[in-house]
Amino acid sequence: MAKQENFIVRKVAVLGAGVMGAQIAAHLASAKVITFLFDLAAKEGGANSLVNKNIQGLKKLKPSPLAVPEIADSLIAANYDDNLEWLKECDLIIEAIAERLDWKEDLYKKIAPYVNDHAIIATNTSGLSVNKLVSVLPKKLHKRFVGLHFFNPPRYMHLAEIIPSDSTDAHVLDQLETFAVSTLGKGVVRAKDTPNFIANRVGVFSMLATMYHAERMAIPFEIVDGLTGPLIGRAKSATFRTSDVVGLDTLAHVVGTMTDNLKDDPWAKYYTVPSWLKLLIDNGALGQKTRVGIFKKVAKEIQVLDIASKDYRPATGKPDAAVVDILKIKDLKKRFTALQKSEHPQAQFLWACFRDLFHYCAVHLESIANNARDVDLALRWGFGWKQGPFELWQSADWQTIVKLLQADIDDGKAMSKAALPAWVTTKGRNGVYKAEGAYVPSNDAYQARSSLPVYKRQLFPDPVLGEQVDMRKTVFETDHVRLWHGGDDIAVLSFKSKMNTIGDGVLDGILQAAEEAESKFKGLVVWQTQGDHFSVGANLQEFGVAISKGQADKIEAAVAKFQRATSAMRYAMVPTVAAVKGYAFGGGCELAIHCDAIVAALETYVGLVEVGVGLLPAGGGTKELALRAAQASDDTNALYKHIEKNYQRIAMAQVSGSGEDARSKGFLRPADSVIFNAYELLYVAKQRVHAMAESAYRPPLPPRIPVAGKAGAANLKAMLVNMLEGHMISEYDYFVGSTIADVICGGEIEQGSIVDEAWLLRLEREGFVALAMQDKTRERIEHMLKTGKPLRN
């Protein structure tokens with residue numbers, strides 16, 4: 001294949017419109033890639049009726065595989081009888097049919113004549129041999145064939161494994177990785193062509209080991225899930241709930257690949273589905289998709305399988321407090337030593353699970369992965385582990401774990417008698433991570449991260465153990481915020497509060513950051529260095545104190561300060577950009593929408609949710625939605641139409657389902673950016689700042705805002721009356737909603753009146769204080785602080 005600077009992907013074909021294929025196609029379409037979705041021709045209802053049915057079904061799936069539902073309509077249905085000619089237009093062809101080697105081989109023979117001279121062919125197999133699959137293709141296609149394994153659901157799971165065959169061209173791998181990382185937002189790990197590759201190989205072994213030890217030690221399944229979830233840095237779904245979500249039949253298939261292809265493996269006898277699990281599958285209890293599996297819900301009660309009785313019982317068991325206390329020990333060396341020495345069955349169970357995981361990874365590292373980092377990232381990105389197995393081992397003191405592990409191997413306690421590789425037990429070894437990179441057992445060296453140009457866009461990639469996140473030079477730092485820069489002319493503001501909430505100290509930091517940016521930098525980016533979320537909003541604890549005491553003056557002053565902070569973002573003499581991912585709720589949303597631009601990750605959930613605690617957006621949020629309604633309107637009728645939509649977004653606390661959905665809901669403007677890889681946020685945000693700064697940036701002029709007035713508010717209140725009479729809202733919801741209506745419509749003035757921002761900001765403050773003085777608002781705030789859930793009163 002001729003080398004080319006850029007791998008340009010205009011069109012992609014996905015072969016197989018089943019659950020996985022359709023969702024891969026959905027993700028491609030969300031990324032604005034023209035996508036053909038192929039499957040067998042239907043025998044009735046039109047040749048593409050089956051594909052079209054599955055495309056429409058994408059709109060109903062939860063969580064949604066689509067950035068916005070209408071994206072599904074851009075998918076082009078196709079079938080193998082009539083539309084193979086379309087493959088000639090495609091730059092990438094992804095096969096995602098059932099895991100049957102013979103079916104895949106037949107399909108490859110059918111499509112081979114239609115593959116153009118530059119297209120990459122990828123199989124989404126989860127564990128079949130890439131070398132076996134490529135063997136049926138013409139020789140000229142071998143160098144362009146590769147494994148590309150997405151994890152389910154492909155929109156949300158960060159991991160994508162790329163698996164070369166012995167013939168795959170290295171340039172093809174680089175091109176595909178670049179596309180997967182930046183366009184599709186994936187964390188790519190290159191795996192070797194071994195059964196189930198890296199993540200499923202290690203992750204499913206870990207699940208099998210957990211099931212084996214749970215059955216051997218008679219640990220109830222709900223207690224196992226309590227022990228193997230967040231308490232040890234794993235996903236909330238832990239072990240057995242994860243099995244239900246994945247599908248027990250799907251899990252059995254992955255295990256079957258190991259059974260069939262790893263007969264000489266030291267752990268081969270454990271690559272089998274437990275008898276109780278096989279019984280569930282035989283009975284059609286496949287997990288979440290059949291609403292019964294290891295767990296089931298009866299009315300409001302969660303029940304769990306009891307393997308002794310082969311029946312379900314209430315899932316009431318919980319981890320023992322003594323074991324939970326061990327798991328709270330921060331020093332991992334002390335934690336693992338305590339687990340190993342404890343006589344408590346639950347502690348012994350956990351030690352056995354970790355011991356066999358470490359043993360397995362040590363023995364198989366060289367055969368399945370290029371380096372230790374790839375194993376750790378695969379488990380973190382594919383299974384939701386906070387730390388990979390090698391990170392845990394090294395953090396717990398390498399030699400301590402080696403001694404404990406070797407003792408259990410010698411005593412026959414480990415699942416396998418396989419000897420630890422020589423590199424593991426080398427005297428003086430203290431882990432697999434050093435400053436120069438991750439350990440590579442095949443050549444006894446350390447490998448740095450990939451030097452592919454696409455990774456230059458990740459200024460701060462997901463770090464593994466020992467990698468230091470260098471935030472460069474601090475401009476100023478308080479207990480609440482830090483302003484810093486990366487050796488360039490753009491300042492970056494990051495919060496230090498829990499969940500990046502916005503309290504008095506953060507507001508001070510925002511105001512100071514705006515001044516510093518104006519005097520010393522070309523622009524300012526708000527980007528968080530901690531947590532998964534931009535900001536969950538105002539610090540309710542701080543506001544709650546003044547509200548509970550009925551201190552109207554303090555409340556009004558705090559709101560005014562919040563408004564000054566958001567206005568500072570809007571009217572700073574340098575461009576401001578919010579780099580947003582995760583939650584941007586309430587005050588976090590208000591801060592972001594006042595910046596000159598937003599760069600949002602695909603997984604961004606934006607909303608003005610203050611109504612949930614009986615308040616209204618008063619950091620400029622209600623004003624901003626009134627302004628945007630006015631800017632979108634040509635006349636009075638259009639104005640009310642847009643006001644009504646934006647009012648509903650506030651009054652119903654609407655939250656976007658993605659960055660693109662935030663655009664459709666009006667929180668993002670047409671020119672704002674949505675990117676698929678959250679690790680590129682800061683890079684893209686800085687590029688936006690540079691572009692604006694180099695264009696002789698000036699802040700916007702203060703706008704003149706036509707409002708819907710008291711007539712518009714009356715219409716909104718009439719809508720509320722209908723909802724109240726229909727028992728859709730409470731009387732207090734009506735009161736809150738009416739207050740919001742008055743503010744967003746500009747108060748007691750005529751429809752079409754022109755006001756300025758100060759007018760609307762004053763109404764925001766007055767409405768906020770009025771609501772804050774109500775007992776029912778206080779009750780809502782107290783309930784939210786206590787339970788984390790909204791109160792309907």
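Residues numbered from 1 in each chain as written. Predicted model: local features only at pLDDT ≥ 70, side-chain atom pairs only at ≥ 80, totals over all residues. Heavy atoms only, no water.

(A) Region of the structure containing the pairing of strand β7 (residues 159–164). β7 sits mainly inside the fold: five of its six residues count as buried. Summarising the sheet, strand β6 (residues 145–150) and β7 pair through five bridges and their orientation is antiparallel. For His149, the partnering residue across the bridge sits in β7 and is Glu161. Here β7 pairs with strand β8 (residues 187–190) via four bridges, running parallel. Within β8, the residue paired with Glu161 across the bridge is Val189. Crossover connection from β7 via helix α6 (residues 170–183) to parallel β8: handedness right-handed. (Buried < 20%, exposed > 50% of the residue type's maximum accessible area, 1.4 Å probe, protein only. Helix = DSSP H or I, 4+ residues; strand = E, 2+ residues; numbered from the N terminus. Pairing = 2+ DSSP bridges. Right-handed = clockwise from strand over helix to strand, strands pointing away.)

(B) Structural detail: the sheet that holds strand β9 (residues 295–298). A sheet is described by the order of its strands in space; here three strands give the open sequence β9-β10-β11, paired in antiparallel fashion. Every other strand in the sheet has two partners, leaving β9 and β11 (311–314) as the edge strands with one partner each. Taken pair by pair, the neighbouring strands of this sheet meet at an average axis angle of 40°, ignoring direction. Where β9 and strand β10 (residues 301–306) come together, four bridges link them in antiparallel fashion. Looking at the pairing, Val298 lines up with Glu301 of β10. (Axes fitted to C-alpha atoms, helices over the stretch in contact; angles between N-to-C directions.)

(C) Quick look at helix α19 (residues 504–520). End to end, α19 covers 24 Å across 17 residues, agreeing with the expected 24 Å (1.5 Å per residue, within 8%). The complete set of buried residues in α19 reads Gly505, Val506, Leu507, Gly509, Ile510, Ala513, Ala514, Glu516 and Ala517. Buried positions along α19 lie against β15 (473–477), β16 (481–485), β17 (490–495), β18 (523–526), α21 (552–571) and α22 (587–593). (Expected span 1.5 Å × (residues − 1). Contact = heavy atoms within 4.5 Å.)

(D) The packing of aromatic side chains, seen in detail. Considering all chains together, one arrives at 28 aromatic pairs under this definition. A ring pair is formed by Phe336 and Phe354, whose centres lie 5.0 Å apart and whose planes are at 80°; its orientation type is edge-to-face. Here Phe336 is found in helix α13 (residues 332–341), whereas its partner Phe354 is found in helix α14 (residues 345–368), with 18 residues between them in sequence. Classification of Phe354 as buried rests on a relative accessible area of 5%. Following the ring pairs from residue to residue traces out a cluster consisting of Phe336, Trp351, Phe354, Phe358, Phe390, Trp393, Trp398, Trp423, Tyr439 and Tyr446. Sitting over the ring of Trp385, Arg234 keeps its end group 3.6 Å from the ring centre. Between Arg762 and the ring centre of Trp759, over which it is positioned, the NZ or CZ distance is 4.6 Å. (Phe/Tyr/Trp six-rings, centres within 6.5 Å; stacked < 30°, edge-to-face > 60°. Lys NZ or Arg CZ within 6 Å of the ring centre and 35° of its normal.)

(E) Spotlight on the nonpolar core. Among the nonpolar cores identified, the biggest contains 116 residues, and Phe390 and Trp393 are the most heavily contacted of them. Top contributing element to this core by residue count: α14, with 13 residues. Those residues in contact with Phe390 that lie beyond four places of it in its chain are Cys361, Ala362, Leu365, Ala372, Val375, Asp376, Trp398, Trp423 and Val432. Within the second largest apolar cluster, 82 residues are counted, among which are Leu507, Ala517, Val611 and Leu615. (Core = buried A, V, L, I, M, F, W, Y, C linked by side-chain atoms within 4.5 Å.)

(F) Main features of the side chain of Glu764. Relative to the helices and strands, Glu764 is located in helix α29 (residues 757–772). Despite its burial, Glu764 pairs with no opposite charge; the closest candidate is Lys623, at 6.7 Å N-O. Within the structure, Glu764 has its side chain in polar contact with the backbone nitrogen of Thr622 (distance 2.9 Å). (Lys, Arg positive; Asp, Glu negative; His and termini not counted. Salt bridge = Lys/Arg side-chain N within 4 Å of Asp/Glu carboxyl O. Polar contact = N/O pair within 3.5 Å; in protein donor to acceptor, adjacent residues only side chain to side chain.)

(G) A look at the environment of Leu148. Looking at the element boundaries, Leu148 is found in strand β6. In this structure, the C-alpha to C-alpha distance between Leu148 and Ala160, residues 12 residues apart in sequence, is 6.6 Å.

(H) The arrangement of helix α20 (residues 540–548) in detail. Restricting attention to buried positions, one finds in α20 the residues Phe543, Gly544, Ala546 and Ile547. The buried residues of α20 occupy an angular sector of 165° when the element is viewed end-on, so they sit on one face. Residues of α20 that are buried in the fold lie against α21, α29 and α30 (775–787). Taken from the residues just after α20, Gly550 is the one with a positive phi, measuring 65°. (Arc of directions from axis to C-beta.)

(I) Structural context of the side chain of His533. Looking at the secondary structure, you find His533 in the loop between β18 and α20. Residue classification places His533 among the buried positions, given a relative accessible area of 18%. Separated by 2.9 Å, the side chain of His533 and the backbone nitrogen of Tyr583 make a polar contact. Residues contacting His533, with those up to four places away along its chain left out, are Met499, Asn500, Gln528, Lys581, Gly582 and Tyr583.

(J) A look at the pattern of salt bridges. All told, the structure shown has 43 salt bridges when counted by the stated rule. Two residues, Glu624 and Lys623, come together in a salt bridge whose shortest N-O distance is 3.1 Å. Accessibility expressed as a relative area gives 2% for Glu624, which makes it buried. When its relative accessible area of 3% is taken as the criterion, Lys623 is described as buried.

(K) Up close: the environment of Gly466. Position of Gly466 among the secondary structure elements: in the loop between β14 (445–447) and β15. Sequence separation between Gly466 and Lys132 is 334 residues, and the spatial gap between their C-alpha atoms is 38 Å.

(L) Structural context of the pairing of strand β5 (residues 120–123). Alternating residues of β5 divide into Ile120 and Ala122 and Ile121 and Thr123, and every residue in both groups is buried. Both strand β4 (residues 92–95) and β5 contribute to a ladder of four bridges, which runs parallel. In the strand pairing of β5, Ile94 is matched with Ala122. Between β4 and its parallel partner β5, the chain crosses via helix α3 (residues 101–111), and the hand of that crossover is right-handed. In this structure, β5 lies alongside β6, joined through three bridges in parallel fashion.

(M) Structural context of the sheet that holds β14. With antiparallel pairing, the three strands of this open sheet are ordered in space as β12-β13-β14. The sheet is open, and its two edges are formed by β12 (433–434) and β14, each paired on a single side. Both β12 and strand β13 (residues 437–440) contribute to a ladder of two bridges, which runs antiparallel. Note on β13: the bridge partner recorded for Tyr433 is Ala438. Against the sheet, helix α15 (residues 372–383) makes contact with β12, β13 and β14, and its axis sits at roughly 110° relative to β13, the strand it touches most.

(N) Up close: the state of the cysteines. Counted by the stated rule, this structure contains zero disulfides. Looking at Cys361, it has no disulfide partner, and the nearest cysteine sulfur is the one in Cys353, 13 Å off. Classification of Cys361 as buried rests on a relative accessible area of 3%. Take Cys745: it sits in no disulfide, and the sulfur closest to it among the cysteines is that of Cys589, at 19 Å. (Disulfide = S-S within 2.5 Å.)

(O) Structural context of the packing of helix α10 (residues 248–261) against helix α11 (residues 275–282). At their nearest, the axes of α10 and α11 sit 10 Å apart, and the two run at 130° to each other. Classified by the angle between their axes, α10 and α11 sit oblique to one another. When you trace α10 past α11, the crossing you get is left-handed. Within the contact between the two elements, α10 uses Leu248, Asp249, Leu251 and Ala252 and α11 uses Leu277, Leu280 and Ile281. Grouping the amino acids of the contact of α10 with α11 by side-chain chemistry returns six nonpolar, no polar and one charged. (Parallel < 35°, antiparallel > 145°, perpendicular 65-115°, else oblique. Left-handed = near helix turned anticlockwise from the far one by under 90°. Nonpolar A, V, L, I, M, F, W, Y, C, P; charged D, E, K, R; others polar.)

(P) Spotlight on unusual backbone geometry. Here the bond from Lys62 into Pro63 is cis, since omega is -5°, no more than 30 degrees from zero. By the element assignment, Pro63 lies in the loop between α2 (49–57) and β3 (76–79). A cis geometry characterises the amide bond from Asn152 onward to Pro153, with omega recorded as 0°. Relative to the elements of secondary structure, Pro153 occurs in the loop between β6 and β7. For Lys32, which is not a glycine, the phi torsion comes out positive at approximately 65°. Its location among the elements puts Lys32 in the loop between α1 (19–30) and β2 (34–39). One non-glycine residue, Arg291, adopts positive backbone phi at about 65°. On the secondary structure map, Arg291 appears in the loop between α11 and β9. Relative accessible area serves as the criterion here: at 75%, Arg291 is assigned to the exposed category.

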